Amino acid sequence: MSHFATNLQYYIQFEVMEASWQDFYRRAAACSDLDSLIAAHQDHLATLLRKALLAAPGEAAGGGGAEAGGAEGGGGPNPEALRTALKDALSNMVALRAVAGRLEEAVVGGSRLVATRAAAARKRIAGGGWGVAADGGGGGGAAAAAASEPAIPPGLLLDIRRVLADLAAQHHRAVAEFTDNLPE
């Protein structure tokens, strides 16, 4: 995902913005009045939106894409498919952040649990006992069972692992579709 994002950033920064700026700068220098400068600027903005995959070639800068769903089956390029694949790939990156948040919460919770267990062990040692709770007699069995449980529930880790595998598969599909549509 990082490689894809870096390449997309490079494309937009250097292939779209820099090239379009050079063209606009050349056209602006040749303008003789304000109207031609405004027209050159509007062309520049439309070019940026189209090349950055934010607008279809014939679409106005603020227009929708209501006809995009019916563009399949035509023989020509399908920029909507390219934008959809890009949107899917970027959505997977955003979803990955949510999974990372869940994992972070689990690790922080596990860290707190381990710290609590360590404090209880230090307290028992200071009182002349063992660092771990005893399993027999005096109600220590429940404490020992709780102390032997993992700090992060294995079910949560399995769920996160499953979600990550799904995201990876979706991302690979979206990137493959995106690169397949690039020549168009």
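It should be emphasised that the depicted structure is a prediction, and the values quoted were computed from it without experimental measurement.

So, how was this worked out
- Residue numbers run consecutively from 1 along every chain, following the written order of its sequence.
- Whole-chain, interface and lining totals are the exception, using all residues; otherwise, since this is a predicted model, local features are given only for residues with pLDDT of at least 70 and side-chain atom pairs are given and counted only at 80 or more.
- Note that water and hydrogens are dropped before the side-chain values are worked out from all heavy atoms of the structure.
- Starting at the N terminus, helices and strands are each numbered in turn, a helix being any DSSP run of H or I of at least four residues and a strand any DSSP run of E of at least two.
- Residue contacts are defined here by distance: any two heavy atoms, one from each residue, within 4.5 Å place the two residues in contact.
- Exposure was quantified through the Shrake-Rupley algorithm and a 1.4 Å probe, taking into account, for residues, occlusion by the shown protein chains and nothing else.
- Only rings of Phe, Tyr and Trp enter the pairing, Trp through its six-membered ring, and a pair is recorded when the two centres are within 6.5 Å. The plane angle decides the type: under 30 degrees is stacked, over 60 is edge-to-face, the rest tilted.
- Three exposure classes are used, based on accessible area relative to the maximum for each residue type with a 1.4 Å probe and protein chains only: buried under 20%, partly exposed in between, and exposed over 50%.
- pLDDT is a per-residue confidence score from the predictor, ranging from 0 to 100.
- Salt bridge criterion: a side-chain nitrogen from Lys or Arg within 4 Å of a carboxyl oxygen from Asp or Glu.
- Take the number of residues in a helix, subtract one, and multiply by 1.5 Å to get its expected span.

A.B. asks: How would you explain the overall build of the protein if you had to name every residue and give the values?
C.D. replies: Secondary structure summary: the protein contains five helices and zero strands in total. Secondary structure elements of the protein, listed N to C terminal, follow the sequence α-α-α-α-α. In the protein, once contacts between residues fewer than 6 apart in sequence are set aside, the share between residues at least 24 apart is 69%. As presented, the protein carries roughly 12,300 Å² of accessible surface, and 61% of it is formed by carbon and sulfur atoms.

A.B. asks: Describe the packing of aromatic side chains, listing the residues and the values that go with them.
C.D. replies: Within this structure, the stated rule accounts for three aromatic pairs. Relative to F24, the ring of W21 lies with its centre 5.5 Å away and its plane at 50 degrees, an arrangement referred to as tilted. Here W21 pairs with F24, and both are found in helix α1 (residues 2-29), just three residues apart, close to one helical turn. For W21, a relative accessible area of 41% puts it in the partly exposed group. For the ring pair W21 and Y25, a centre distance of 6.3 Å and an interplane angle of 40 degrees mean the geometry is tilted. Here the residue W21 and the residue Y25 both occupy positions in helix α1, the gap between them amounting to four residues, near one helical turn. Aromatic rings pair up to connect W21, F24 and Y25 into one cluster.

A.B. asks: Requested: an account of the confidence of the model for the protein, with residues and values cited.
C.D. replies: Across the protein, the average pLDDT comes to 78, with 77% of residues at or above 70. Here helix α4 (residues 140-148) stands out as the least confident element of the protein, with mean pLDDT 57; helix α2 (residues 34-51) is the most confident, with 89. Contacts for the low-pLDDT stretch residues 60-76, under 50 throughout, to residues beyond four places or in other chains number six contacts.

A.B. asks: Account for the pattern of salt bridges, naming residues and giving values.
C.D. replies: Within this structure, the stated rule accounts for five salt bridges. A salt bridge links R26 to D23; its shortest N-O distance comes to 2.2 Å. Of this pair, R26 and D23 both sit in helix α1, three residues apart, which is roughly one turn of the helix. Using a relative accessible area of 53% as the deciding quantity, one classes R26 as exposed. Between D43 and R27 there is a salt bridge, with its nearest N and O atoms 3.0 Å apart. Pair noted here: D43 is in helix α2 and R27 is in helix α1, with a separation of 16 residues, a long-range link. Through salt bridges with shared partners, one network takes in R102, D159, R162 and D166.

A.B. asks: So what's going on with the side chain of H44? Which residues, and what values?
C.D. replies: Position of H44 relative to the elements: it lies in helix α2. Residue H44 is classed as buried on the basis of its relative accessible area of 10%. If sequence neighbours within four positions are ignored, H44 has contacts with S20, W21 and F24.

A.B. asks: Give me α1: which residues, what numbers.
C.D. replies: Look at α1: 39 Å from first C-alpha to last across 28 residues, which is about the 40 Å you get at 1.5 Å a residue. Those residues of α1 that sit buried are F4, L8, V16, S20 and F24.

A.B. asks: Describe the environment of L113, naming the residues involved and giving the relevant values.
C.D. replies: Along the chain, L113 falls in helix α3 (residues 79-126). A residue is classified by how much of its surface remains accessible, and L113, at 31% relative accessible area, is partly exposed. As for L113 and I152, which are separated by 39 residues in sequence, their C-alpha atoms are 8.9 Å apart. When residues no more than four places from it in sequence are discounted, the contact partners of L113 are P150 and A151.

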